[in-house]
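# A closer look at the structure
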Amino acid sequence: MSNDLTITDARRAIHTRSQLVDRDVALSEIRRANGAGALERLQRNAYVARAPFAELLPSAQHRLRVVAAAEQMRGGSAVVSHLSAAVLHGLPLYRFVEQPIQMTLAGGRRASSRPGLQRHQGRLDDDDIVEVDGIRCTSVERTVFDVARTSPFETAVACADGALRGKSVEGRIFDPDAQEEWRDLMSERTRNAPGARGVVQARRVIASADGRAESVGESVSRVQLVRLGYTVEPQAAVAGPQGTTYFADIALPTQHVFWEFDGAGKYTDPVMRGKKSADDVLLQEKRREDWIRAVTGWKVCRGGFRDIVTPEALAARLASFGVDLPR
């Protein structure tokens, strides 16, 4: 396994007790699963190799657990929902940590939760339920709505941004009308759910969502900047050399400042780097920043995840570049 995996990869990685026995795995080793042994028990009668499992991203570990649980619930009324559905849909998640699998019982049936599984009761319309690689889960729109109601605001906005990006951005072309149409449709959901838990926050999330965000870091940066009182413009275009265009993550036009979120993956993830070395990417970023600064006369400020944990942390980072809070 790499540090992420698809649902198909997850199915291949999961083995039942009988499959392990067929592979000559000792019963004593199976019984030691989740102890000091080489196996991790995901669900009853569902195991994976512990060493590669430990290297996975938390969201990928959760995807494995969801797949294992879904395989045992085929034909039932339970539908994977909330953050677990967001994991299946591949929506961006901020500070995701391992947690119980979340499911909603279609038809409003009642059932108690248990360790590792949280069951929700709620009405699901037919178009709220889809299949992702054979697993029944809530649709992207319903998933965003549920996450917006029940998760921390930053997590919810990043998730909504990812869903909205798929509706409003193609390549580098942003469609503001498509964005407003999505917001209207999602707002209709909140109007049809008066009194539902967290519906007030869901309205705030929908109003704050912006499909121009290209990463979780950009989404959370925008949330914190708005909390600090800045006017923000995501993916601000700057004329580049030889007819090209550069895009700064977030512009603060009243301060003449660009905020650039630096995720470590840009330099360390081979997929994101393509055929470039980390040094090549770093040099390219420096040349791009120098050009933007020279052409616009604006400051370029950079930061990472530790700088956006709170509004105060981001204010301190901006202050280190000589940027004052808005008056």
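The structure reproduced in this document is the subject of the present report. Since the structure is predicted, the reported quantities are computational estimates derived from the model, not experimental observations.

## Notes on the packing of aromatic side chains
Within the structure shown, the criterion is met by three aromatic pairs. Taking the centre distance of 6.4 Å and the plane angle of 25 degrees together, the rings of Y94 and F305 count as stacked. In this pair, Y94 is assigned in the loop between α6 (82–89) and β4 (101–105) and F305 in the loop between β13 (299–303) and α15 (311–320), connecting sequence segments 211 residues apart. A relative accessible area of 7% places Y94 in the buried class. A relative accessible area of 41% means that F305 is categorised as partly exposed.

## Remarks on the side chain of E218
Assignment of secondary structure puts E218 in helix α11 (residues 216–227). Here E218 sits buried without a salt bridge, and the closest side chain of opposite charge, R165, lies 6.9 Å off (N-O distance). Side-chain polar atoms of E218 contact the backbone nitrogen of E214, separated by 3.2 Å. Each residue touching E218, except ones within four places of it in the same chain, is listed here: R212, A213, Q235, D249, I250 and F261.

## Concerning the nonpolar core
In this structure, I14, L42, L64 and V80 are the most contacted members of the largest nonpolar core, which totals 28 residues. Contributions of two or more residues to this core are made by α1 (7–13), β2 (46–49), α5 (58–72), β3 (78–80), α6, β4 and β7 (135–138). Listed in part, the 25 residues of the second largest apolar core include V157, L164, M186 and V223.

## Focus on the sheet that holds β13
The strand order across the open sheet formed by four strands is β10-β11-β12-β13, and the pairing between neighbours is mixed. The open sheet has two edge strands with one neighbour each: β10 (233–239) and β13. Strand-to-strand, the axes of this sheet are offset by a mean angle of 45 degrees, without reference to chain direction. Here six bridges tie β10 to strand β11 (residues 245–252), and the two strands are oriented antiparallel to one another.

## Considering α11
Along its twelve residues, α11 runs 17 Å from first to last C-alpha, staying within 8% of the 16 Å computed at 1.5 Å per residue. Most of α11 is tucked away, with ten of its twelve residues classed as buried. Residues V216, G217, E218, S219, V220, S221, R222, V223, Q224 and L225 constitute the buried set of α11. If you follow the buried residues of α11, they end up packed against α8 (153–168), α10 (199–208), β10, β11, β12 (257–261) and α15. A positive backbone phi angle near 100 degrees is found at G229, which sits one or two residues after α11.

## Looking at α10
Along an α-helix, residues three or four apart share an orientation, since each turn contains 3.6 residues. Within α10, burial applies to V199, A202, V205 and I206. Along the long axis of α10, the arc covered by the buried residues comes to 105 degrees, so they all point the same way. α10 presents V200 and A207 as exposed residues on the side facing more than 90 degrees away from its buried surface. Turning to α10, the residues buried within the fold contact α7 (140–150), α8 and α9 (176–191).

## Here's the deal with the pairing of β11
Turn length for the β10-β11 hairpin, with the two strands adjacent in sequence and antiparallel, is five residues, and the turn residue Q242 shows positive phi of about 55 degrees. Pairing of β11 with β12 involves three bridges; the strand directions are antiparallel. Bridge pairing in β12 links A251 to F258. Once β11 ends, the chain turns through four residues before running back antiparallel as β12, passing H256 with a positive phi of about 55 degrees.

The rules behind these values
- Residues numbered from 1 in each chain as written.
- Predicted model: local features only at pLDDT ≥ 70, side-chain atom pairs only at ≥ 80, totals over all residues.
- Heavy atoms only, no water.
- Phe/Tyr/Trp six-rings, centres within 6.5 Å; stacked < 30°, edge-to-face > 60°.
- Helix = DSSP H or I, 4+ residues; strand = E, 2+ residues; numbered from the N terminus.
- Buried < 20%, exposed > 50% of the residue type's maximum accessible area, 1.4 Å probe, protein only.
- Lys, Arg positive; Asp, Glu negative; His and termini not counted.
- Salt bridge = Lys/Arg side-chain N within 4 Å of Asp/Glu carboxyl O.
- Polar contact = N/O pair within 3.5 Å; in protein donor to acceptor, adjacent residues only side chain to side chain.
- Contact = heavy atoms within 4.5 Å.
- Core = buried A, V, L, I, M, F, W, Y, C linked by side-chain atoms within 4.5 Å.
- Pairing = 2+ DSSP bridges.
- Axes fitted to C-alpha atoms, helices over the stretch in contact; angles between N-to-C directions.
- Expected span 1.5 Å × (residues − 1).
- Arc of directions from axis to C-beta.

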